[in-house]
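For reference, the chains in residue letters:
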Amino acid sequence: MTDPDLPVRQMIEEWAARRPDIDPRPMALFGRLTRADALANAAIAAALRPHGLNRGEFDVLATLYRGGEELSAGALAGALLLSPAATTNRLDRLQAAGLLTRSPDPADGRSVRVRLTDAGRDLLERSVEDHLQGLGTLLGGLSDDERERLSDLLARLLESMAAS
């Protein structure tokens, strides 16, 4: 197996040779985050593919499941950090597959309520186990303490990035 960090280490060396006056470590950090994200996305896609889901569809089903199996379309879009158009696209596909339903909100005629069907709940419950197993495999090289520290550091990074 090739060393997945080799391109990042090479980048640091090349910057050091060309511009010894700069510190490329921030680029290295974000390069590693980008590479980790790409590897994670590939592994997540592989775990969800046998269930006929992609990551975006899984995220919709999981968000509904966690939220009590029914949410407004606006709350769902907000939780998924998606535009209304992107949310509608995902909802159309999942509704066509019989995994959720949409109905007018009785309290607000301008809003739509989205609800998991029994088939959607069953699919989510089956796929989440494979998803978690795949994530556990990705984290297999880290101890529980290292996982917790990394999670805490990433949370702090997100806070810092959001504040800037």
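Look up: the structure comes first, before these words.
Please read these numbers as outputs of a predicted model, since none were measured by experiment.

Cut-off values and rules
- Residues numbered from 1 in each chain as written.
- Predicted model: local features only at pLDDT ≥ 70, side-chain atom pairs only at ≥ 80, totals over all residues.
- Heavy atoms only, no water.
- Helix = DSSP H or I, 4+ residues; strand = E, 2+ residues; numbered from the N terminus.
- Rg over C-alpha atoms; globule rule 2.2 N^0.38 Å.
- Buried < 20%, exposed > 50% of the residue type's maximum accessible area, 1.4 Å probe, protein only.
- Contact = heavy atoms within 4.5 Å.
- Axes fitted to C-alpha atoms, helices over the stretch in contact; angles between N-to-C directions.
- Parallel < 35°, antiparallel > 145°, perpendicular 65-115°, else oblique.
- Nonpolar A, V, L, I, M, F, W, Y, C, P; charged D, E, K, R; others polar.
- Polar contact = N/O pair within 3.5 Å; in protein donor to acceptor, adjacent residues only side chain to side chain.
- Core = buried A, V, L, I, M, F, W, Y, C linked by side-chain atoms within 4.5 Å.
- Pairing = 2+ DSSP bridges.

**What about the overall build of the protein?**
Part 1 of the reasoning: When helices and strands are tallied, the protein shows 7 helices and 3 strands.
Part 2 of the reasoning: In the protein, the succession of α and β elements from N to C terminus is α-α-α-β-α-α-β-β-α-α.
Part 3 of the reasoning: Computed over the C-alpha atoms, the radius of gyration of the protein is 20 Å, more than 25% above the 15 Å expected from 2.2 N^0.38 for a compact globule of 164 residues.
Part 4 of the reasoning: In terms of principal-axis extent, the alpha carbons of the protein reach across some 65 × 35 × 30 Å.

**Some remarks on the environment of Leu-94**
Part 1 of the reasoning: Among the structural elements, Leu-94 can be located in helix 5 (residues 84-96).
Part 2 of the reasoning: A residue is classified by how much of its surface remains accessible, and Leu-94, at 2% relative accessible area, is buried.
Part 3 of the reasoning: Along the sequence, Leu-94 and Leu-116 sit 22 residues apart, while their C-alpha atoms lie 9.6 Å from each other.
Part 4 of the reasoning: Excluding residues that lie within four positions of it along the chain, Leu-94 makes contacts with Leu-53, Glu-57, Val-60, Leu-61, Leu-99 and Leu-100.

**With respect to unusual backbone geometry**
Part 1 of the reasoning: If you check the backbone angles, Glu-69 has positive phi at about 75 degrees while not being a glycine.
Part 2 of the reasoning: Structurally, Glu-69 can be placed in the loop between helix 3 (55-66) and strand 1 (70-72).
Part 3 of the reasoning: Positioned with a positive phi, Leu-81 is a non-glycine residue whose angle comes to about 60 degrees.
Part 4 of the reasoning: Counting through the fold element by element, Leu-81 comes out in the loop between helix 4 (73-80) and helix 5.

**Let's talk about the packing of helix 3 against helix 6 (residues 118-138)**
Part 1 of the reasoning: Following both chains from N to C, one finds helix 3 and helix 6 inclined at 110 degrees, their axes separated by 10 Å at the closest point. One finds that helix 3 runs roughly perpendicular with respect to helix 6. Contact residues: helix 3 offers Phe-58, Leu-61, Ala-62 and Tyr-65, while helix 6 offers Gly-120, Arg-121, Leu-123, Leu-124, Glu-125, Ser-127, Val-128 and His-131.
Part 2 of the reasoning: Considered class by class, the residues forming the contact of helix 3 with helix 6 number 7 nonpolar, 3 polar and 2 charged.

**Some remarks on the side chain of Asp-5**
Part 1 of the reasoning: With respect to the helices and strands, Asp-5 occurs in the segment before helix 1 (6-18).
Part 2 of the reasoning: For Asp-5, the side chain forms a polar contact with the side chain of Arg-32, separated by 2.6 Å.

**Comments concerning the nonpolar core**
Part 1 of the reasoning: The biggest cluster of nonpolar side chains holds 19 residues, and the ones touching the most others in it are Leu-53, Val-60, Leu-61, Leu-64, Leu-76, Leu-94 and Leu-100.
Part 2 of the reasoning: Listing elements by their share of this core, those giving two or more residues are helix 2 (25-48), helix 3, helix 4, helix 5, strand 3 (108-116) and helix 6.
Part 3 of the reasoning: With 5 residues, the top contributor of residues to this core is helix 3.

**Notes on the pairing of strand 3**
Within a regular strand, the side chains alternate between the two sheet faces.
Part 1 of the reasoning: The sheet contact formed by strand 1 and strand 3 spans 3 bridges and is antiparallel. When the sheet's bridge partners are listed, Leu-71 is paired in strand 3 with Val-114.
Part 2 of the reasoning: Pairing between strand 2 (residues 100-105) and strand 3: 6 bridges, direction antiparallel. Counted as the bridge partner of Leu-100 is Leu-116 from strand 3.
Part 3 of the reasoning: Counted between consecutive antiparallel strands, the loop separating strand 2 from strand 3 contains 2 residues.

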